[in-house]
Amino acid sequence: MPSIGKLNPTDDRIGVLHIISGLTVGGAERMLVWMARYHDRSRFRVGVVSLMSGGGFAHAIRCEDVPVFELGQRRGRLSVSGLRSLFSIAKEFDPEVLQGHMFHSNILARLMGVRLIGLSGRELHVLNTIHHEHESIFRRLACSVTGPMAAAEIVFSLPSDNLVAPEFFWRPTREVFPYGVEINEELKRDRRVLRAALDIPDDAVVWVSVGRLIPEKGFPVLIEAFGLMKTRGERPFLLIVGDGPERERISSAISRTGLSGSVSLLGIREDVEDIYRASDFFVLSSLSERSPLAVLEAMAAGLPVVATRVGNVPGMVEEGRTGFIVPPSDPSALAGAMERVMKMGEEAREWGKRGSRRVHEFFDFRRTQEKIEEYYRLLSRGKGRNG
């Protein structure tokens, strides 16, 4: 665990300490990397506490000269020694903003904020980041009981969204910020080299899907859709990037459908941008989801999209201009939309270019970060966004 070091009493930057369950691949974790990468170092000092240890994103954050404190806890569990370590880190870091991410870390941030009251000359603002709304009754109750301990909930959404917070008893004020993804302008690797490394023919049609291998992502539906295309004579490839508890089930479905030669489970990859570069199209088969950032990342890479109508997908994908949107849990509709895109030729490439321009114009994370930091500064001055 890195040393926090003694704070310089002349350092008047706003301290922001993030708490998250772990730093393996996921949308919330990736967003935290971008927060570390694009924060204004002249105004803010940033640190990250990961309740669990390991994960490629911990290294990525440290590469941005942001300290990461890994507590080595088990998923969903926090030992007494882990709680003491968290308190010690938060006390020494002395933040003005303590920001949790996802359920367990949000609750911990609230409880830790109460424990830290009066231990510093700084006023502490506890923020909770809501990355999805699917909460059990128990979790909603826990959020309601601890709600008064937080200054606000941070929600990433689209300007057109009509957000209604799921109510139980009480929730903090919601502060809504625009979605954003990292737009990488660096020189990209040669597509043929990337395909050769993946053992894919240069002239093959390649789909890619990115996400945790969990039931909500609907990967068995995607495998069934690919099976339907195979029976109709189509032979595209599919690259699935991600890992999770459903891996064995998905692998069995691939074998059972006779798709072992055309569907690859790539696991967790740190070169997702290269995978997009090696692909022709992106597909999202989620059954339920709030904000699939992978859709925006694929669009930024210039890929036409076929996605299920879940969460904010209709606000991300322009139907008939950057992709097709189909009902969830419908392998026939998913296969049909994918086949239509594959037959579009040059028009599909225009869709990809249009989608890339759309992400550059509306979904650049650097603008999201600027708005978040503006809110931090308002909190530091004792004001809200309407104050």
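All of the points below concern the structure found in this document. (Residues numbered from 1 in each chain as written. Predicted model: local features only at pLDDT ≥ 70, side-chain atom pairs only at ≥ 80, totals over all residues. Heavy atoms only, no water.)

1. A word on the sheet that holds strand β6 (residues 152-157)
So, point 1. Within the open sheet, the seven strands sit side by side as β3-β2-β1-β4-β5-β6-β7. Their pairing is parallel. Looking at strand neighbours, the two that pair on one side only are β3 (68-70) and β7 (174-178), the edges of this open sheet. Adjacent strand axes in the sheet meet at a mean angle of 25° when their direction is disregarded.
So, point 2. Sheet topology places strand β4 (residues 97-101) next to strand β5 (residues 125-130); five bridges connect them, and they run parallel. For V97, the partnering residue across the bridge sits in β5 and is H125.
So, point 3. Running over the sheet, helix α3 (residues 80-93) touches β1 (14-20), β2 (44-50) and β3 and is turned about 165° from β1.
So, point 4. Against the sheet, helix α14 (residues 365-380) contacts β1, β2, β4, β5, β6 and β7, and its axis sits at roughly 150° relative to β7. (Pairing = 2+ DSSP bridges. Helix = DSSP H or I, 4+ residues; strand = E, 2+ residues; numbered from the N terminus. Axes fitted to C-alpha atoms, helices over the stretch in contact; angles between N-to-C directions. Contact = heavy atoms within 4.5 Å.)

2. Quick look at the pairing of β1
So, point 1. Burial of β1 is extensive: seven of the seven residues sit out of reach of the surface.
So, point 2. Going residue by residue along β1, you find I14, V16, H18 and I20 tucked away on one face and G15, L17 and I19 tucked away on the opposite face as well.
So, point 3. Here seven bridges tie β1 to β2, and the two strands are oriented parallel to one another. Residue pairing for β2: V16 is matched across the bridge by V46.
So, point 4. Across five bridges, β1 lies against β4 in parallel orientation. Looking at the pairing, I20 lines up with H101 of β4. (Buried < 20%, exposed > 50% of the residue type's maximum accessible area, 1.4 Å probe, protein only.)

3. Thoughts on the pattern of salt bridges
So, point 1. On inspection of all chains with the given rule, the structure shows 21 salt bridges.
So, point 2. A salt bridge links D11 to R13; the shortest N-O distance between them is 3.0 Å.
So, point 3. With its nearest N and O atoms 2.7 Å apart, the salt bridge here joins K217 to E289. Taken as a pair, K217 in the loop between β8 (206-210) and α7 (219-231) and E289 in the loop between β11 (281-284) and α10 (293-300) lie far apart in primary sequence, 72 residues in all. Taken individually, K217 and E289 each receive the classification buried, so the pair is uniform in this respect. (Salt bridge = Lys/Arg side-chain N within 4 Å of Asp/Glu carboxyl O.)

Spatial relationships are all this shows, so hold off on functional conclusions.
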